[in-house]
Amino acid sequence: MKTVVTIGTGNSGCGAIQDYLIKSTKFKSPFKGQEFRMMDDPDGILNLYHNFYTNRSINNYSNAIMRFKNYIKNLINLEMNINGKDTKVYNKKVMSLTNDYIKKITTLNYNSFPQFIAIQTNLLKKKYFHYKKVISGNKNQSFFKMYLPVDEEIFIKQSKIYINKIIRCQLKNKKIDHIVLDQALNMLNFIDIFSYFENAKVIIVTRDPRGIWNSMKSRGSLAYPHYNLKVWTAWYAQIMKQFENYKKKIPKKYMKNILQIRFEDFVKNYEKEQKRIHNFLKIKKINNNFNIKKTEFNVFKARKELSNFEKKYIKSKLTKYLQW
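Residues numbered from 1 in each chain as written. Predicted model: local features only at pLDDT ≥ 70, side-chain atom pairs only at ≥ 80, totals over all residues. Heavy atoms only, no water.

A.B. asks: Could you give me a rundown of the overall build of the chain, with the residues and numbers involved?
C.D. replies: Each helix and strand in the chain was counted, giving 16 helices and eight strands. Counting only C-alpha atoms, the chain reaches 70 × 50 × 45 Å along its principal axes. Relative to its 324 residues, the chain shows a buried fraction of 48%. Intrachain contacts of the chain at a sequence separation of at least 6 include 77% that bridge at least 24 residues. Per element, the accessible surface of the chain, about 17800 Å² overall, is 51% carbon and sulfur. (Helix = DSSP H or I, 4+ residues; strand = E, 2+ residues; numbered from the N terminus. Buried < 20%, exposed > 50% of the residue type's maximum accessible area, 1.4 Å probe, protein only. Contact = heavy atoms within 4.5 Å. Areas by Shrake-Rupley, 256 points an atom, 1.4 Å probe, with all protein chains shown as cover.)

This is the structure in structure tokens:
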């Protein structure tokens, strides 16, 4: 399976690049165009890895699995509107695949009621739990399980298998072998993708900060400080500084599998940037369903919609990141 991951700061144009690949090439999105968050979210697969192998403790192993299971349970309820109808993004098989995955990445489990769970449990629940134990006569009854993990190499192997099964169960056409995943990782950890996919490439999309600010502000993007220009520029500057420092540490062996695109260049030099993408992914364009005119209209809206103060302030604080 050939996999490409699109990554950006948020509102950077990643969605447009993903849309281009889906509409113009053989690449398909298993998640109906939605972001693939299962790896990178705080309770995702990478969180399991770090709590298993870098933040080691029996409590951390078990708590990470509990949070991962709860996260997946909520994730499979995610819906999006398609043609006026609310539609589930994830296949119902994902939960059973997840339960099987947890068995494969642990060596044993047992019922328990550890202190870190007890101090988070209110008195009423504790009394009810004790009552159930007395009535059932089962001294081993518990609503929490403790786990021990497998060796790191087995975890990586089983995680690859799990992710592949998740993707496959999402595809109606099982023969599809070109997959695009949006925001599967982020700008500060994206080389981790190469540990979980055999044939992966990364496209990083940057955009002029004035365009990003305008998009976040107009959408009311809740994950970002869209309500305060001063806070937002400080946030953006720090994120980009961390990104630049991270890039300097990337091993050379991965560089051939990473492409950085400026969103404005993609729009202004559409033919040239298409070729860059095609050459990088070693693919050909198969149709012209992507609407570049619509993207062009959106990418430069900030020129008209931002106030002179906003444009001057961003220019003074984020000069090195301007792209128009």
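Moving on from the model shown.
A.B. asks: Which residues make up the layout of surface pockets, and what values do they have?
C.D. replies: Counted as a void, the largest pocket has a volume near 1300 Å³. Lining of the largest pocket is provided by 46 residues; of these, Asn11, Gly13, Cys14, Gly15 and Arg219 occupy positions nearest its centre. The set of elements that each furnish at least two residues to the lining of the largest pocket consists of helix 1 (14–24), helix 9 (209–219), helix 10 (229–248) and helix 14 (292–299). For the lining of the largest pocket, a count of residues per class yields 13 nonpolar, 21 polar and 12 charged. For the second largest pocket, the calculated volume is near 350 Å³. (1 Å grid on protein atoms, 1.4 Å probe; cavity = no way out; pocket = protein on both sides within 12 Å on 5 of 7 lines; lining within 4 Å. Points joined across faces, edges and corners; volume = space filled by probe spheres on them. Nonpolar A, V, L, I, M, F, W, Y, C, P; charged D, E, K, R; others polar.)

A.B. asks: An account of the environment of leucine 97 is needed here, citing residue identities and associated values.
C.D. replies: Looking at the secondary structure, you find leucine 97 in helix 4 (residues 93–104). C-alpha of leucine 97 to C-alpha of arginine 262: the two residues are 165 residues apart in sequence and 38 Å apart in space. Excluding anything up to four places from it in sequence, leucine 97 contacts Tyr162, Lys165, Ile166 and Cys169.

A.B. asks: Tell me about the nonpolar core, and please be specific about residues and values.
C.D. replies: Counting residues in hydrophobic clusters, the biggest one holds 72 residues, and the most contacted among them are Ile72, Phe155, Tyr162, Phe190, Ile193 and Tyr196. When sequence neighbours within four positions are dropped, the list of residues in contact with tyrosine 162 reads Met38, Ile45, Phe68, Ile72, Leu97, Thr98 and Tyr101. Counting residues in each nonpolar core, the second largest holds 24 residues, with Ile203, Val267, Leu281 and Ile283 among its members. (Core = buried A, V, L, I, M, F, W, Y, C linked by side-chain atoms within 4.5 Å.)

A.B. asks: Talk me through helix 3 (residues 58–75); I want residue IDs and the actual numbers.
C.D. replies: Taking 1.5 Å as the rise per residue, helix 3 with 18 residues should run 26 Å; its terminal C-alpha atoms sit 26 Å apart, in good agreement. Along helix 3, the residues that are buried comprise Tyr61, Ser62, Ala64, Ile65, Phe68, Tyr71, Ile72 and Leu75. Close packing links the buried residues of helix 3 with helix 2 (45–53), helix 4, strand 4 (106–112), strand 5 (144–149) and helix 7 (152–170). (Expected span 1.5 Å × (residues − 1).)

A.B. asks: Lay out the pattern of salt bridges in plain terms, naming residues and giving numbers.
C.D. replies: Enumeration over the complete set of coordinates arrives at 12 salt bridges. Note that aspartate 19 and lysine 23 form a salt bridge whose closest N and O atoms lie 3.4 Å from each other. You can see aspartate 19 and its partner lysine 23 sitting in helix 1, four residues apart, about one turn around the helix. The partly exposed category is assigned to aspartate 19, whose relative accessible area is 26%. Because the salt bridges share partners, they merge into one network encompassing Glu35, Arg37 and Asp41. (Salt bridge = Lys/Arg side-chain N within 4 Å of Asp/Glu carboxyl O.)

A.B. asks: Account for the packing of helix 3 against helix 4, naming residues and giving values.
C.D. replies: Look at helix 3 against helix 4: their axes get within 10 Å of each other, and the N-to-C directions meet at 165 degrees. In terms of axis orientation, helix 3 runs roughly antiparallel to helix 4. The handedness of the crossing between helix 3 and helix 4 comes out as right-handed. Along its contact with helix 3, which presents Ile65, Phe68, Lys69, Ile72 and Lys73, the element helix 4 presents Val94, Met95, Thr98, Asn99, Tyr101 and Ile102. For the contact of helix 3 with helix 4, the per-class residue count stands at seven nonpolar, two polar and two charged. (Axes fitted to C-alpha atoms, helices over the stretch in contact; angles between N-to-C directions. Parallel < 35°, antiparallel > 145°, perpendicular 65-115°, else oblique. Left-handed = near helix turned anticlockwise from the far one by under 90°.)

A.B. asks: Any chance you could break down the side chain of glutamine 183 for me, citing the residues and the numbers?
C.D. replies: Residue position: glutamine 183 is located in the loop between strand 6 (178–182) and helix 8 (193–196). Judged by its relative accessible area of 10%, glutamine 183 falls in the buried class. Setting aside its immediate chain neighbours within four residues, glutamine 183 contacts Thr6, Ile7, Gly8, Cys14, Glu35 and Phe36.

A.B. asks: Explain the packing of aromatic side chains to me, and be specific about the residues and the numbers.
C.D. replies: The full count for this structure, using the stated rule, is 27 aromatic pairs. Their ring planes at 75 degrees and their centres at 5.8 Å tell us that tyrosine 20 and phenylalanine 266 sit as a pair that is edge-to-face. Placement of the pair is tyrosine 20 in helix 1 and phenylalanine 266 in helix 12 (residues 263–268), with a sequence separation of 246 residues. A single burial state applies to tyrosine 20 and to phenylalanine 266, both of which are buried. (Phe/Tyr/Trp six-rings, centres within 6.5 Å; stacked < 30°, edge-to-face > 60°.)

A.B. asks: Could you give an account of the environment of phenylalanine 297, with specific residues and numbers?
C.D. replies: Structurally, phenylalanine 297 is set in helix 14. Under the relative-accessibility criterion, phenylalanine 297 is labelled exposed at 57%. Sequence-wise, phenylalanine 297 and serine 29 are 268 residues apart; in three dimensions their C-alpha atoms are separated by 24 Å.

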